[in-house]
Every structure is written in C-alpha cells, then in structure tokens.
Amino acid sequence: MITIKRIMKTFILIICFQVSMIGQNSNIELSPYIETSVDGIPVEAHQVLLNKMGEILTQNGIIKGVNSSIILTCNTTVSNEVITSTAPTLFVYELQATFYIGNGIDGTLYSSYPTTLKGTGTTKAKAYIDAFKAIRSNDKNLQNFLDSSKTKILNYYNTKCSTILAEVNSLESLQKYDEALYKLTSIPDASKCFAQAKQKMSSVYQKSIDNDCKLKMSNATNIWSANPNEYGANEVANILATINPNSNCFTLAKQLGTKVEKKMNDIDNREFKIRYEQEVGLEKDRIQAVKEIGKAYGNGQPQNINYNTKYWW
C-alpha cells in the first residue's frame with residue numbers, strides 16, 4: 001500500500017532531481033557557426049541558419065556566445081530536388097541536415113543530430129531559407145541532442161580547467177583583463193572548474209576596473225588642463241561618470257570632480273554636479289558586473305575564427 005509518507009519522499013526526490021538538472025544546464029555557452037567552405041548552403045541563407053541556431057540555443061537554456069570554444073554548426077546535402085516548369089519557376093528541396101556540437105578549437109566532435117528539412121522558393125537560396133525557417137527549436141529530438149551534448153561540454157571544462165586557468169593567467173600578465181574575464185565567464189557554473197574561476201574573477205575584475213580608472217583619469221585630467229571651461233567640464237563629467245566606484249583611484253576621480261564642480265560654480269554661479277556610477281556591493285552584483293565586461297569583450301570581437309571542423313562530416 002502506498003503511504004502519504006512514501007508519496008512525499010518520491011515527490012521530494014523528483015524536485016531534487018529537477019533542481020540538480022537545472023543547475024547542470026546553467027551558464028553553458030556555445031557559438032553558432034557556419035563553415036564558409038561548405039558546399040551547398042547558399043551564402044544568402046547563412047544568416048537565417050545562424051539566427052535559427054542562435055534561437056535553438058537560447059530557447060533551450062544555452063547561452064549564445066561569440067567566438068566560444070564550443071560551437072553549434074550545421075551541414076546539408078540535397079536528397080531530392082524539383083524545379084517546376086510553372087511561372088514563376090519554383091525550387092523544391094529536400095535537405096538532409098546534420099547539426100554538430102563540438103570543440104571548434106581542438107576539433108573534437110561531441111554529438112551530431114541528423115534531420116530532414118523541406119523548403120520551397122523562387123530561387124535556390126529562398127528554398128533553403130524556407131527550409132531553415134521551418135526548423136522547430138522545441139523539437140524533442142533536437143532537445144535530446146542538446147541535452148546529451150551538455151554533459152560532454154561540462155566534462156570538457158572539468159578536464160581542461162587547469163589549461164583554461166593557465167591561459168587566463170597569461171592574459172592577465174599581458175594586462176588583457178577583459179579577454180581574461182571573457183574566458184572565465186565562459187566557464188559554466190555547473191562545472192567543477194567554476195569555483196576556481198570565480199575566485200580568479202575577483203582579482204582579475206579588480207585589476208580590470210583599476211586599469212580602466214587609471215586610463216580614464218589620465219584622459220579626464222588632460223582634458224581639464226587643456227579646457228578649464230564648460231566644454232572641458234562636460235567632457236570630464238562624462239568620463240568620471242563611467243569610473244567604477246570600487247576602483248582604487250575612485251577617490252582621485254572624486255577629487256578631480258570636486259575641483260571641476262567648484263570651478264564651474266565660481267564661473268557662472270550655478271550648480272554643476274557630476275554624477276558617478278553606483279557602487280557594486282553585493283557578491284552577485286560583482287559577478288554580474290564581471291559577466292558584463294566579458295560579454296562586452298565577446299560582442300566586440302570580429303566573428304572570423306577559423307574553427308576546426310575538418311573531420312565532422
């Protein structure tokens with residue numbers, strides 16, 4: 001006989017399992033990618049396929065990255081082609097499309113998923129676009145493919161942790177702090193490597209905002225020295241407003257700001273007030289600030305990495 005106590009225990013186990021799975025799926029990042037040398041996919045259809053792959057990732061709890069080590073890509077072959085004699089002429093294609101997830105840097109393929117797509121258009125490109133637009137991001141087989149890949153992705157970060165952190169240390173020594181933060185924030189928080197990455201984030205983040213403050217203070221000081229007037233004051237105010245209050249030179253920034261405010265108030269007897277960035281206090285706020293720096297770095301990079309997908313199809 002099933003007791004209430006037994007039902008409750010089962011319910012709790014299910015909830016725990018679901019929470020565990022949510023944790024394992026979090027913060028995984030992949031970049032959509034199309035190999036330009038692949039024959040068959042018209043160039044005009046590339047962006048539609050890239051957008052669709054990005055949609056597939058985001059709607060299945062995966063971060064759409066830029067220049068990530070792990071990529072989602074696709075290749076197609078034509079299994080059936082019909083060109084009608086109607087006016088206008090229609091191109092009808094049946095495509096065998098295969099999606100691949102793997103490490104585009106070292107060339108390791110993790111998983112693949114084949115599917116059939118159909119598209120119709122007045123040109124070959126439009127038929128391909130029609131086929132790609134019909135891909136459903138909530139397709140169960142596609143979701144299973146993504147889920148199986150997530151485990152292998154986490155294993156990659158677990159086994160390559162020391163290598164990734166060594167790369168971060170190298171970037172840090174070269175004062176490439178934003179790139180270092182981009183690498184650190186690309187590590188999924190469900191991986192065993194994340195605890196070490198989180199510790200490293202704090203020191204690199206501090207160096208990043210300190211360096212940023214130093215550069216901005218130099219720029220602001222030079223501008224004010226050359227233009228101790230309303231124009232210079234406004235330029236200085238715009239710069240100081242972007243300096244992180246947690247940086248080590250923020251006190252100097254406020255001193256310069258006070259100097260500028262006093263000068264402007266003396267000139268025309270009206271209040272001139274510089275507004276500063278709000279201080280980041282809580283740990284979760286700092287982590288979010290770190291992620292924003294990493295994201296900004298990634299978004300600013302040219303998307304021209306030549307990934308190694310040579311033996312994937």
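Each chain has its residues counted from 1, running along the sequence as written. In view of the model being predicted, local features appear only for residues whose pLDDT reaches at least 70, and side-chain atom pairs are presented and counted only at 80 or more, with totals across whole chains, interfaces and linings using the full set of residues. Excluded from the side-chain calculation are hydrogens and water; included are all heavy atoms of the structure.

Draft legend 1. Geometry of the overall build of the protein. The secondary structure listing takes helices from DSSP runs of H or I that are at least 4 residues long and strands from runs of E that are at least 2 residues long, numbered from the N terminus. Counting its regular elements, the protein contains ten helices and five strands. Each residue is assigned to one of three classes by its accessible area relative to the maximum for its type, calculated with a 1.4 Å probe on protein chains only: buried under 20%, partly exposed between the two thresholds, exposed over 50%. In the protein, buried positions account for 41% of the 313 residues.

Draft legend 2. Structural context of the pattern of salt bridges. Any Lys or Arg side-chain nitrogen found within 4 Å of a carboxyl oxygen on Asp or Glu counts as a salt bridge. By the definition in use, this model includes nine salt bridges. The partner of lysine 118 in a salt bridge is glutamate 94, with the nearest N and O atoms 3.8 Å apart. Taken together, the residues span a long stretch of sequence, with lysine 118 in strand E5 (residues 108-121) and glutamate 94 in strand E4 (residues 91-103) at a distance of 24 residues. Residue classification places lysine 118 among the exposed residues on the basis of a relative accessible area of 58%. Here aspartate 139 makes a salt bridge to arginine 136, at a shortest N to O gap of 3.3 Å.

Draft legend 3. Quick look at the nonpolar core. Membership of the largest hydrophobic core comes to 56 residues, with the highest contact counts inside it found for Leu30, Phe99 and Ile101. Grouping buried Ala, Val, Leu, Ile, Met, Phe, Trp, Tyr and Cys residues that are joined through side-chain atoms within 4.5 Å yields what is termed a nonpolar core. Counting residues in each nonpolar core, the second largest holds 19 residues, with Ala220, Ala233, Ala253 and Phe272 among its members.

Draft legend 4. A look at the environment of isoleucine 41. Mapping isoleucine 41 onto the fold places it in the loop between strand E1 (29-33) and helix H2 (46-58). Separated by 88 residues in sequence, isoleucine 41 and isoleucine 129 have C-alpha atoms that sit 9.6 Å apart. Any two residues having at least one pair of non-hydrogen atoms within 4.5 Å are treated as being in contact. With near-sequence residues (within four places) excluded, isoleucine 41 lies in contact with His46, Leu49, Cys74, Thr76, Tyr128 and Phe132.

Draft legend 5. Representation of the packing of aromatic side chains. Each Phe, Tyr or Trp ring, with Trp reduced to its six-membered ring, pairs with another whose centre is within 6.5 Å; inter-plane angles below 30 degrees give stacked pairs, above 60 give edge-to-face pairs, and intermediate values give tilted ones. One pass over the full model with this rule turns up eight aromatic pairs. Ring geometry for tyrosine 156 and tyrosine 157: centres 5.0 Å apart, planes at 75°, overall edge-to-face. Residue classification places tyrosine 157 among the buried positions, given a relative accessible area of 5%. Taken together, the aromatic side chains of Tyr93, Tyr128 and Phe132 make up a single cluster linked through ring pairs.

Draft legend 6. Representation of the state of the cysteines in the model. Only a pair of cysteine sulfur atoms within 2.5 Å counts as a disulfide in this structure description. Tallied over the full model, the rule gives two disulfides. Across a sulfur-sulfur distance of 1.8 Å, cysteine 213 and cysteine 249 are joined as a disulfide pair. What sets the handedness of the cysteine 213 and cysteine 249 disulfide is the S-S torsion sign, and at about -125° it is left-handed. Of this pair, cysteine 213 sits in helix H7 (residues 194-226) while cysteine 249 is found in the loop between helix H8 (230-240) and helix H9 (250-268), placing the two residues 36 residues apart along the sequence. Exposure class is identical for cysteine 213 and cysteine 249. Each is buried. The connectivity of the disulfides in the protein is 1-2, 3-4, where the numbers refer to bonded cysteines in sequence order.

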